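So you can see what is in the structure, the chains are spelled out below.
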Amino acid sequence: MKTIICLVALFIGVTAFPQTDPPEIERPPQSQAVKSGGIAAFYCYATGEPAPSFTWKKNGKKLRYTDSRYLISNFEGGSLLRIEPVRKKRKSGTYECVAENGNGDPVTVEAELTVYDEKELPNGFPQIIQNPGMKVVEKSRNAVLVCEGAGDPNPTITWIKDTMPIDLKANQRLSLMKQGKFRGKAEVNRKIKWFCLDSTISKEKILIGI
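What you see is a predicted model, and the numbers here were worked out from it, not measured in a lab. (Residues numbered from 1 in each chain as written. Predicted model: local features only at pLDDT ≥ 70, side-chain atom pairs only at ≥ 80, totals over all residues. Heavy atoms only, no water.)

## As for the overall build of the protein
Helix and strand counts for the protein come out as one helix and 18 strands. Here the protein, with 210 residues, has 35% of them falling under the buried criterion. Surface accessibility of the protein: about 14,200 Å² in total, with carbon and sulfur atoms responsible for 51%. (Helix = DSSP H or I, 4+ residues; strand = E, 2+ residues; numbered from the N terminus. Buried < 20%, exposed > 50% of the residue type's maximum accessible area, 1.4 Å probe, protein only. Areas by Shrake-Rupley, 256 points an atom, 1.4 Å probe, with all protein chains shown as cover.)

Rendered as structure tokens:
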């Protein structure tokens, strides 16, 4: 009697799963001290795959996108929390940036906001003494905006375009000149909001006046 052995080959398809990486804070928001009535802007950058989503909290309580007191704007790789105007009693506190993408635990980083009344400003607090004025420029002409600040130590001028810090490497049309001057070519029928922030680093806090 012969025995017949039947071999069955089972082929298993290999499924390629997308790469996943837990979120990681790349650049945390910086603690700030601001004059009452001014502007506070926290920028939080995080990496991960898929790209993480962002949530902002104040003193442990989630801030809502519909809250008119805060501007929360997400951009590629990060999120902005902008507070304008800043009020001493309501806005001082601890702000948290939370990044999560479903892989691993959410990551959280904190930043402190301190608000001073006009009469309480510490010595050397940076001040804007010349604001950039409104410019009307023909297409492709150069426009020069001037911002001058004072403080001790000497403050650093940071330029903001449409709520975002200007990346000079990404836009060759823009250039930063000496003494707080900024130059760029005009665009067609485009109204742009420009801000200059006057800041100086004192210990772990960035002091901003506008």
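## Looking at the side chain of T55
Mapped onto the secondary structure, T55 falls in strand β4 (residues 53-58). Residue classification places T55 among the buried positions, given a relative accessible area of 15%. When near neighbours in sequence (up to four residues on either side) are disregarded, T55 contacts K62, E96, C97, V98 and E100. (Contact = heavy atoms within 4.5 Å.)

## Brief notes about the nonpolar core
Within the largest apolar cluster, 20 residues are counted, with the highest numbers of intra-cluster contacts made by F42, W56, L81, I83, Y95 and L113. Among the elements of the structure, β3 (40-49), β4, β6 (70-75), β7 (78-83), β8 (93-100) and β9 (107-116) are those that each provide at least two residues to this core. Aside from chain neighbours lying at most four places away, what touches F42 is P29, Q30, Q32, W56, S79, L80, L81, I83, Y95, A111, E112 and L113. Membership of the second largest hydrophobic core comes to seven residues, among which are I128, I157, W159 and I166. (Core = buried A, V, L, I, M, F, W, Y, C linked by side-chain atoms within 4.5 Å.)

## Notes on the environment of L113
When you line up the elements, L113 lands in strand β9. Given the relative accessible area of 2%, L113 is considered buried. Along the backbone, L113 and K91 are 22 residues apart, and their C-alpha atoms lie at a distance of 7.4 Å. Apart from residues lying up to four places away in sequence, L113 is in contact with Q32, V34, A40, F42, I83, K91, S92, G93 and Y95.

## Overview of the state of the cysteines
Taken as a whole, this structure holds one disulfide when the rule is applied. Residue C44 pairs covalently with C97 via a disulfide, S to S 2.1 Å. Around the S-S axis, the bridge from C44 to C97 shows a dihedral of about -85° and counts as left-handed. Of this pair, C44 sits in strand β3 while C97 is found in strand β8, placing the two residues 53 residues apart along the sequence. Grouping residues by exposure puts C44 and C97 together as buried. (Disulfide = S-S within 2.5 Å.)

## Things to note about the sheet that holds β3
Spatially, the four strands line up as an open sheet ordered β1-β3-β7-β6, and their pairing is antiparallel. One side of each edge strand has no neighbouring strand; the edge strands of this open sheet are β1 (21-27) and β6. Strand-to-strand twist of the sheet, defined as the mean angle between neighbouring strand axes without regard to direction, takes the value 20°. Two elements, β3 and β7, share six bridges in a ladder whose sense is antiparallel. (Pairing = 2+ DSSP bridges. Axes fitted to C-alpha atoms, helices over the stretch in contact; angles between N-to-C directions.)

## Some details on the confidence of the model for the protein
This prediction gives the protein a mean pLDDT of 78; 75% of its residues lie at or above 70. The least confident element of the protein, judged by mean pLDDT, is strand β18 (residues 205-209) at 32; the most confident is β8 at 97. Considering only residues more than four positions removed or in separate chains, one finds that residues 6-12, a stretch of pLDDT under 50, has zero contacts. Within the model, the stretch residues 200-210 combines pLDDT values under 50 with 41 contacts to residues more than four positions away or in other chains. (pLDDT = per-residue confidence, 0-100.)

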